[in-house]
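Here is what each chain is made of, one letter per residue.
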Amino acid sequence: MKTKASSTLILGLIGSMLAGCGGSGSQDSLNSSSQKQLTRNVKAASCVAWVEGGTYTAGQVVTYNGANYTALVTQTDYVGTGWNPSVASLFSPGGSCSGTPTPTPTPTPTPTPTPTPTPTPGITSGSIYTLVNPNSNKALDVYSAATTNGSKIDIWDQNGTAAQKWQINVNSDGTYTLINPNSNKALDVYSASTTNGAAVDIWDSNGTAAQKWKLTKNSDGTYTLVNPNSNKALDVYGASTTDGATIDIWDQNGTTAQKWNITLASSTPTPTPTPTPTPTPGFIFSPYKDITASANWNTDAMQSAATGTVLPITTAMPSHNKVLTWAFATGACGSENWGGMTASTFASANVQAFVSAGKQYIVSTGGQAGSFTCGNDADFSTFINRYNSSNLIGIDFDIEAGQSAADLANLVARVKTAQSKYPNLRFSFTIATLATSQSGATTAVDMGGSSPNPLGSMGIAVMNAIQAGGLSNYYVNLMTMDYGGTGTYNCVVSGGACQMGQSAIQAAMDFHGYYKLPYNHLELTPMSGPNDSAGETFTIGDTDTLSSWSRSNGIAGLHFWSFDRDTGLSYTNQFVKDLGL
């Protein structure tokens, strides 16, 4: 995906220029004058005190830390996301109001129960256990035996390593905390979320409700773990049975996806093997394919000359490159087209070819050259069903230009409905990014809670739409390419040029730190070789760097633009090798 992001994104500011995909870039910027006009037009009204978790309409004036702020968009400031009036994309300072601000109610503290908690049968506090999901016979596992905060929890074949052992400790309120002895970190609901699909990770033990679990023994001898903060159960997403499947929280439903056999393990952790586990279907490597490049215009079948000879695309793909992203469908869902090819003939020429070849695919929409819209659920179902097969694994929205706020809200609404109808599909939003780094640093630096917002105005609009729509269990794919100039405001600089591998890592760190999206819902897409911007070349060495970091941090997926520009398939094969596919 070609992108040109020419911008000067400075920490926390929104006036950056958004990247485009293709030969030349597009620009967008937040209309700050319109924000000021919105503030001036707000009529005096009683202020309300801003409260975390509250819902605020565009133009509403709130008080926060002794000052007035005006909401720029209709929003719900979910608990634990860090969204508050200090976030410039959500509120602008100022706004007039009359009357006395409504005080924030003081929560009534919950008294600590005085009775001694009754221990759960079969559990001895302080002992080390293994938790195995009976649906898959796989163990609750810290991905890659990681020891850092935010590391992904998955299921994996039982192997007796420390990554699969948990010390279960009873708390004074009768709940339990599970500590992984390899990292000494607790089983944790990321950001104390209470929504279905919220990720589960490990984090420094802190005694909060995000790290507490009620253990209930079921009639079949299994256990269900419920987080009292959300009253949702520890759950294998989609009842998956594959290695690397994500662990989340979900409404209690009594299915085997929420049951665990808990058995006593050795108190001495087994040393973890050195090799990192191979990414599995929970992780996706999927180069983007420009469907018009070398296409058979008589049949609308995809082809590629990347090997040096024009071949059917499934023949050109290396055997261990199992997934490809088709780019791009544009127009309105249900009547979309593919670079001038009609949707029905394109689907007929390619869907069965991928199924027959045993290759999986992601359908990507939009891109730099066009936009994709979808006004109703029926047309979105028509769109998905046209390409649906057992080998379709995801729908991607590459959003770079042309979509209004209403268009973005519609896409979010379509995804919310489709998630229940197509539970096996992953839905991703692909947006341009910068990689603001620390001055003088030649490698990526994790700035944690101080991370700048790396997005331009279009990316911010996408995240605002996701937030306002209350969407969960989505993926964000950052286009880590064409930063638009050598400088710490754009990328990680080394030797007078953007260091593209480290810059991709920096962009991921900045987005993760600012938006609090778990790494296992974040994907990255660099551009192989020279980018459109001078001083930006993604090398084979950058492939090694980015693959290693992605494996260590449990990133959801890696892609690159594009399969057809990878002459000789050197980048494709290097990614396959680095990722152990």
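Treat the numbers as computed from the prediction; the structure is a model and nothing was measured.

Enquirer: Lay out the pairing of strand 30 (residues 392-398) in plain terms, naming residues and giving numbers.
Expert: For strand 30, the buried fraction is high: 7 of the 7 residues fall into the buried class. In terms of strand pairing, strand 28 (residues 360-366) meets strand 30 through 6 bridges, oriented parallel. Note on strand 30: the bridge partner recorded for Ile-362 is Gly-394. As paired strands, strand 30 and strand 31 (residues 426-432) are joined by 5 bridges and run parallel to one another. Across the sheet, the residue bridging to Gly-394 is Arg-426, located in strand 31. In this view, the connection linking strand 30 to its parallel neighbour strand 31 by way of helix 5 (residues 405-421) has right-handed handedness.

Enquirer: I'd love a proper account of the sheet that holds strand 18 (residues 247-251), names of residues and values included.
Expert: Taken in spatial order, the 4 strands line up as 15-16-17-18 in an open sheet, and their pairing is antiparallel. What marks the edges here is a single partner per strand, and that holds for strand 15 (214-217) and strand 18. Neighbour to neighbour, the strand axes of the sheet diverge by 45° on average, direction disregarded. With 5 bridges connecting them, strand 17 (residues 232-236) and strand 18 associate as antiparallel partners. Note that in strand 18 the partner of Val-236 across the bridge is Ile-247.

Enquirer: With reference to specific residues and values, describe unusual backbone geometry.
Expert: Residue Ala-327 is joined to Phe-328 through a cis peptide bond whose omega torsion reads 0°. Mapped onto the secondary structure, Phe-328 falls in strand 24 (residues 323-329). Residue Ser-562 is bonded to the preceding Trp-561 through a cis peptide linkage, with omega at -5°. By secondary structure assignment, the location of Ser-562 is in the loop between strand 38 (557-558) and helix 9 (570-579). The phi dihedral of Asn-184 is positive, around 60°, even though this residue is not glycine. With respect to the helices and strands, Asn-184 occurs in the loop between strand 12 (176-180) and strand 13 (185-189). On the basis of relative accessible area, Asn-184 is assigned to the exposed category, the value being 58%.

Rules and cut-offs
- For every chain, the first residue of its written sequence is number 1, and the numbers climb from 1 along that sequence.
- pLDDT decides what is reported in this predicted model: residues at 70 or higher carry local features, side-chain atom pairs at 80 or more are listed and counted, and totals for whole chains, interfaces and linings draw on all residues regardless.
- Excluding hydrogens and water, the side-chain values take into account all heavy atoms of the structure.
- Residue exposure (1.4 Å probe, protein chains only): buried if accessible area is under 20% of the type maximum, exposed if over 50%, otherwise partly exposed.
- Helix and strand assignments follow DSSP, with helices taken as H or I runs no shorter than four residues and strands as E runs no shorter than two, numbered in order from the N terminus.
- Should DSSP find at least two bridges between two strands, the strands are taken to pair.
- Handedness of a crossover is defined as follows: with both strands directed away from the viewer, a clockwise route from the first strand across the helix to the second makes it right-handed.
- Fitting a line to C-alpha atoms yields each axis, with helices limited to the stretch in contact; the angle taken between N-to-C directions then spans 0 to 180 degrees.

Just distances and angles here, no functional claims.
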